[in-house]
Structures are given as C-alpha cells and as structure tokens.
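Here are the chains, one letter per residue:
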Amino acid sequence: MDEPPQGEITVLLAAWRQGDPEALNKIMPLVYAELHRIARRAWSQQPHNNTLQPTALINEAYLKLASSENASFKDRMHFFAVASSAMRQILVNHAKGRLAAKRGGARAHVSLDDVQPVHQEAAEIVALHEALDALQAVDPRKSKIVEMRYFGGLSVEETAEALDISVRTVNRDWRLARSWLIREMNREST
Amino acid sequence: MSRQPEWEEIERIYHEALDLPVRERRALLARLDPRLREEVESLIEADSSTMLLTTPPTHMAADLLDGQPGGLAAGQRVGRYEIESLLSIGGMGEVYLARGDGGMPVALKILRPHLVVSAQAVDRFETEARAASALRHPNIVTVYESGRSPAGLFIAMEWLDGSTFRSVIHAGEVELSKAINWGGQAASAIAAAHRAGILHRDIKPENIMLVKTGVLKILDFGLARHGTPDGAEPNAIGASGTISGTLSGTLLYMSPEILRGETATSASDVFSLGAFLYELAAGRHPFAGDTPLDVFEAIECRPVAPMSSLRTGIPVRIDQLVLEMLDREPEMRPSAEEVAEALRTL
C-alpha cells in the first residue's frame, strides 16, 4: 500500500492559504485518494458502530495527511473545506455509478424496500451537484457553504471558522442557498 | 446572465421578507417590481420545502464504504445458514438465498453494519424483529429468526417464489375480482398484525408479494428501516427532519399525519393500504405527481377522485370504502378488520 506523503499536505495548505491556487489542485488528489483508502479499510474492518458521517472520514483523512499535533483549529477547518470538495466529488462519482448500474436491471425475488434509499439519494446527489455548479456562478460563497455543510458534514460554526465569516452569515447564506437550490432542482425536473 | 446585477437586492429582500409576519410580507412583496417579486416569491416558496439537505448523504456514504455490496460468497455461513446466492441489493443491505437446517431455503436479509449507528438502533431492530417473528398469518411472510453475525444483523425469513406488486401493477390492468381478493388478503394480514399490537408503517407495492400460488404476502412487518442516524441534526432552517429526501420513495403511500410528523397509528397503515388498493384497482396512484412536492400537496389537500372516474365497473361500495380509507382524518378511516370484512362480503 502506498502511503501518502506525510506533511506535504501541510505545506500545500499553507501555500493555498497564502493565495497559491495551484496548491489546491495538488491537495485534491491526495485527499481524494486518502478518503478512498479510509473508506475501503472501514469496510474491511466492519466495525459495528462505525458512524458514517462524512466528517468522521474527513477527520480521519486529516489525521493521516497532516501532522496535526500543532495544527490550530483554523488549519483543521481549512483542510475540511478542501476535503469537502473531495468528498463531494467522491459521492457524486459514486452516485453516478449507482444510477448507471441501476439501469442494468436487478433481479428481485424478495423485495428489498431498501432499494429505494440509495437510488433516490443518488439521483438527488447528482441533481444537487449540478445545481451547486449553477449556484457557484451566481454566488460562490453560498455554493461553498452548502458543499461544506452537506458533503463535508461540517457544523455551522466550523464552516464559519473555515471561511472567516460569522455564524450569522453562514446561517443566512445557508437558508437562501437551500431555497435557491430547491427551486433550481424543481425547475430542472419539470 | 441578467440575474446577477440584482442578486444582492434579491438576497436583501428575501431575508427581510422572511423576517416579517405573513401579512406584512405580502405588503412588502406587493410593492416590488414584478420580476423581482417573482424571484423572491419563488425562493420563499422553496424555503418551506422540507425535501432537501435535511440529512447528510448517509446512504450513499454507506454504499460507497461497502465498496462491493453483496460481498458474501456462496458457501459462507451466517448464523446457521449457508449462503447460496445473492438475490437483491439495497441501500441498507442485501438479500441472499441461503439454506438452513436440512437444506430448507430461506431468504436472508443482511443489514449493513455501517448504517446501524447506535446501540438503540440495534435494540429497536431486534425488538421489532422479534415482534414480527411472533406474527403467524398466511398472508404475512414468516420471519424465522433474527440475529447478529460478523456480516451484520440478519433476518432469516420464508423464501418466496413470486414477484412484488410493483411489477404486478406495472404489467397492466388488473382484473377487478382479483384486485378485490388480493385487497382482502392484505387487509386480513394487517388486521391480524394490529390485533397483535404491531404496525407495519411502510405498506406499499414494493413490500407486498404475489406468490406464484396466488397467495399474497406482506413483507417487512414492523422492521426498522430508514433509521435516521441519531447524530443527524434536524436542519436549523425550520425543517422538521421527519421527511428526509431519502424517504421520498415511500412518500406516495404516506398518510397525511405521518407527513406532519405525527406518530403512526393503525389508521396510518389503513391509509397506505387504501392507496395501494386504489392503485391496484384504478390503475393509477391517487396522489400521483411530477415532483415530491406535488405528491406532498396531493396527500395533504388534493381531493381524491373516485376510482369510478378512472375505470368503469368499479362497485360503488368498493369505491366508497377506498375513499374512506384515504380520509385525511385518521379517526374517520375504517379499521383494517372492517376493510377485510367489507372486501370478503363483497
């Protein structure tokens, strides 16, 4: 198993914070790969009480990738902002795969009413992803807030800290963004 | 992009309007120029939707973590059962054909460990599985046992050869005499469960099977599903969290009281059964809509068209009975027992 380069991410994060947009492009593949690695291992170990919040995965990725001992809360939140994008990409890709697989048809002798949740959610995730891209064009900050809250599982406070804005702003942005996205998705589906 | 210059204004008015009592909000909106007003109004309307972003995408994450669902190989043992083949894969688990003692075929449903996120969820699941396994009725799938294994929580149940009513409905118009007969079988199963103090909570065609012998079997009685992870926080934006987007597959059969977030009662099961009977006999769902929101609205306030307006030959008594089952007031609905009786004597 190839280990991710320890510490490299810390340097890249610092560069990104100092305004180097290229750094983000280098961070993403590392985070993406690590999240996948964690996901696979989590499954092979099958811990019964493993919670599934995306945050838990991201947190683990952070501990793995960044030498976190001296990292500040803000450093961690910056990482979370990046990891939320990676998580979004992972979940969207997976959702698309799921939807494609479904079209292949399924054998069902015994009904599994659980079939619905995943496919329903897959369709919603893909639709939300597209609507978020549209929102990005109108209001990038709101798009980012939704990405962090929904795909990254970050709390309002964590989101505020990562983006250097107030909790009140996050709440207001979130509310409007949600309305905007719902409207957009309804328009798309009709 | 003509909208962009106005965006800040839309945003300002949106928040201002939401902070106002409804009457003052209307007055504020009435003063706006039509385009701006349309923008703000449509956003405010979307704000009241409970359909989106209320819970994290846990099912998808579980599915992703599983990597390869259906990971159990033929010959592998789960409890005292030996896996034979994978029958179907769902969001929260898989169903396998397995062999029990003496080679008896069983359907083995395995719940994904990742979605069982709390001790309470496990307890609830096991309690309800025990309750369901106590139900013995010719129209209810027999649950042999439930238990834990390294592969996850499992339920062993009667293996059925047939298809779900979803495919029966898809296949085209159903003979009325058959629809009535099946409706009677379903109602008597539900009545038996209600007598035992067990609710189904999720009656819909996907959960009802037609066995090749012509017998109808209801699946998944009272089993815990769709568990909202206990850590999932209800949305801060006023959404109750009772309807997550992932539930919308079931939305069509949900009673108005469930949509309002109230506790399910036996009358809620009767409502869902009524929607199923309607769909079976009339060939169209009583609350069909293009979007979840349409369905939501239909269940809450659209008058239900009598089945006789969709199909000729529907006996008046059936039409009346189904409409009563779909009454918005739970206390106005007949009991499952009464429904079974009415369908039997028809």
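Preceding this section is the structure that the text describes.
Remember, predicted model here, so these are calculated numbers, not experimental data. (Residues numbered from 1 in each chain as written. Chains lettered and ligands numbered in written order. Predicted model: local features only at pLDDT ≥ 70, side-chain atom pairs only at ≥ 80, totals over all residues. Heavy atoms only, no water.)

## Brief notes about the nonpolar core
In step 1: Formed by 69 residues in total, the largest nonpolar core has its most connected members in Phe165 and Phe221 of chain B.
In step 2: Setting aside anything within four residues of it in sequence, one finds phenylalanine 221 of chain B in contact with Ala132, Leu135, Ile140, Ala189, Ile190, Ala193, Ile198, Leu199 and His200 of chain B.
In step 3: Residues Val31, Leu35, Phe80 and Val82 of chain A belong to the second largest nonpolar core, which totals 60 residues. (Core = buried A, V, L, I, M, F, W, Y, C linked by side-chain atoms within 4.5 Å. Buried < 20%, exposed > 50% of the residue type's maximum accessible area, 1.4 Å probe, protein only. Contact = heavy atoms within 4.5 Å.)

## Let's talk about the packing of aromatic side chains
Any aromatic ring pair is given by two values, namely how distant the centres are and how the planes are angled relative to each other.
In step 1: What the rule picks out here adds up to five aromatic pairs over all chains.
In step 2: An angle of 85° between the planes, with centres 5.4 Å apart, marks the rings of phenylalanine 165 of chain B and phenylalanine 276 of chain B as edge-to-face. With phenylalanine 165 of chain B in helix 6 (residues 165-170) and phenylalanine 276 of chain B in helix 9 (residues 266-282), the pair connects residues that are 111 residues apart, well separated along the chain. Residues phenylalanine 165 of chain B and phenylalanine 276 of chain B agree in their burial class; the two are buried.
In step 3: Ring-pair connections join several aromatic residues into one group, and the members of that group are Phe165, Trp182 and Phe276 of chain B.
In step 4: Over the aromatic face of tryptophan 174 of chain A sits the side chain of arginine 149 of chain A, whose NZ or CZ is 4.6 Å from the ring centroid. (Phe/Tyr/Trp six-rings, centres within 6.5 Å; stacked < 30°, edge-to-face > 60°. Helix = DSSP H or I, 4+ residues; strand = E, 2+ residues; numbered from the N terminus. Lys NZ or Arg CZ within 6 Å of the ring centre and 35° of its normal.)

## Here we look at unusual backbone geometry
In step 1: Even without glycine at this site, aspartate 164 of chain A takes up a positive phi of about 60°.
In step 2: Tracing the backbone through its elements, the reader meets aspartate 164 of chain A in the loop between helix 7 (156-163) and helix 8 (167-189).
In step 3: Here the phi dihedral of arginine 201 of chain B falls at roughly 80°; this positive angle occurs in a residue that is not glycine.
In step 4: In this fold, arginine 201 of chain B is placed in the loop between helix 7 (176-195) and strand 8 (208-211).

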